[in-house]
Amino acid sequence: RLMRCNKVSCDLVRHKRFKKTVIPALQHAAPWIDYEQDADVLQLLFDFPTMSEYSQLGPVRAVRDGTLQQINDDSWDWEDHVHVNRIEDQNCNDEGVLMARTVDAELDVPWF
């Protein structure tokens, strides 16, 4: 949930939510914590958004799986989908040369 507010109003909203929801849940889970009697018993409390593995990686994995399905198909021919435009050979014995070969190529990829 995106909250558009200044720091003070966001802190007030967060404080109300902590007092109404979060702290009672903590007291239920850890009954020895008595925030009402001793507020200092709670030294650190913060919140942050989290994502499930699926919501974060699901779309990326779907694209990966779709791509693999297409290129693993028997009808896929790399020669039809990879085009080498230029090859530049280098001599690694020359000072400052770190790559032996540079290949400029075009690769057709699935369209999602």
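Residues numbered from 1 in each chain as written. Predicted model: local features only at pLDDT ≥ 70, side-chain atom pairs only at ≥ 80, totals over all residues. Heavy atoms only, no water.

Caption draft 1: Fine view of the overall build of the protein chain. Of the regular secondary structure elements, the protein chain holds 3 helices and 2 strands. If you list the helices and strands of the protein chain from N to C, you get α-α-α-β-β. Relative to the compact-globule value of 13 Å for 112 residues, the protein chain shows a C-alpha radius of gyration of 29 Å, a clear excess of over 25%. Each of the 112 residues in the protein chain was classed as buried or not, and the buried ones make up 8%. On the protein chain, roughly 10,200 Å² of surface is accessible, and the fraction owed to carbon and sulfur atoms is 55%. (Helix = DSSP H or I, 4+ residues; strand = E, 2+ residues; numbered from the N terminus. Rg over C-alpha atoms; globule rule 2.2 N^0.38 Å. Buried < 20%, exposed > 50% of the residue type's maximum accessible area, 1.4 Å probe, protein only. Areas by Shrake-Rupley, 256 points an atom, 1.4 Å probe, with all protein chains shown as cover.)

Caption draft 2: Representation of a nonpolar patch on the surface within the structure. On the surface, Trp 78, Val 82, Val 84, Ile 87, Val 103, Leu 107 and Val 109 cluster together into a nonpolar patch covering about 650 Å² of accessible area. Put simply, the parts of the chain that give the nonpolar patch at least two residues each are strand E1 (82-89) and strand E2 (101-107). No other element matches the 3 residues that E1 contributes to the nonpolar patch. Looking at the element boundaries, Val 109 is found in the segment after E2. (Patch = residues over 30% accessible without salt bridge, like charges linked within 9 Å, V, L, I, M, F, W, Y side chains within 5 Å. Salt bridge = Lys/Arg side-chain N within 4 Å of Asp/Glu carboxyl O.)

Caption draft 3: A look at helix H2 (residues 53-71). Helix length check: H2 (19 residues) gives 26 Å between terminal C-alpha atoms against 27 Å at 1.5 Å per residue, within 8%. If you look at H2, its biggest bend is around 35°, right at Pro 59. (Expected span 1.5 Å × (residues − 1). Bend = angle between axes of the 7 residues up to and from the residue.)

Caption draft 4: Here's a closer look at the packing of aromatic side chains. According to the stated counting rule, one finds 1 aromatic pair in the structure shown. Pairing Trp 76 with Trp 78 gives two aromatic rings, centres 5.5 Å apart and planes at 80°, and the pair type is edge-to-face. The partly exposed category is assigned to Trp 78, whose relative accessible area is 44%. (Phe/Tyr/Trp six-rings, centres within 6.5 Å; stacked < 30°, edge-to-face > 60°.)

Caption draft 5: Quick peek at a negative patch on the surface. Judged by side-chain charge, Asp 77, Glu 79, Asp 80, Glu 106 and Asp 108 come together as a negatively charged surface patch. Tracing the backbone through its elements, the reader meets Asp 77 in the loop between H2 and helix H3 (78-81). Accessibility expressed as a relative area gives 33% for Asp 77, which makes it partly exposed. (Lys, Arg positive; Asp, Glu negative; His and termini not counted. Charge placed at Lys NZ, Arg CZ, Asp CG, Glu CD.)

Caption draft 6: Spotlight on the pattern of salt bridges. Tallied over the entire structure, the rule returns 5 salt bridges. For Glu 88, the salt bridge goes to Arg 86, with nearest N and O atoms at 2.7 Å. Judged by its relative accessible area of 31%, Glu 88 falls in the partly exposed class. In this structure, Asp 89 engages Arg 101 in a salt bridge whose closest nitrogen and oxygen atoms are separated by 2.7 Å.

Caption draft 7: Spotlight on the environment of Val 103. Summarising the element assignment, Val 103 is placed in strand E2. As a C-alpha pair, Val 103 and Asn 85 span 18 residues in sequence and 7.7 Å in three-dimensional space. Among residues more than four places away in sequence, those in contact with Val 103 are Val 84, Arg 86 and Ile 87. (Contact = heavy atoms within 4.5 Å.)

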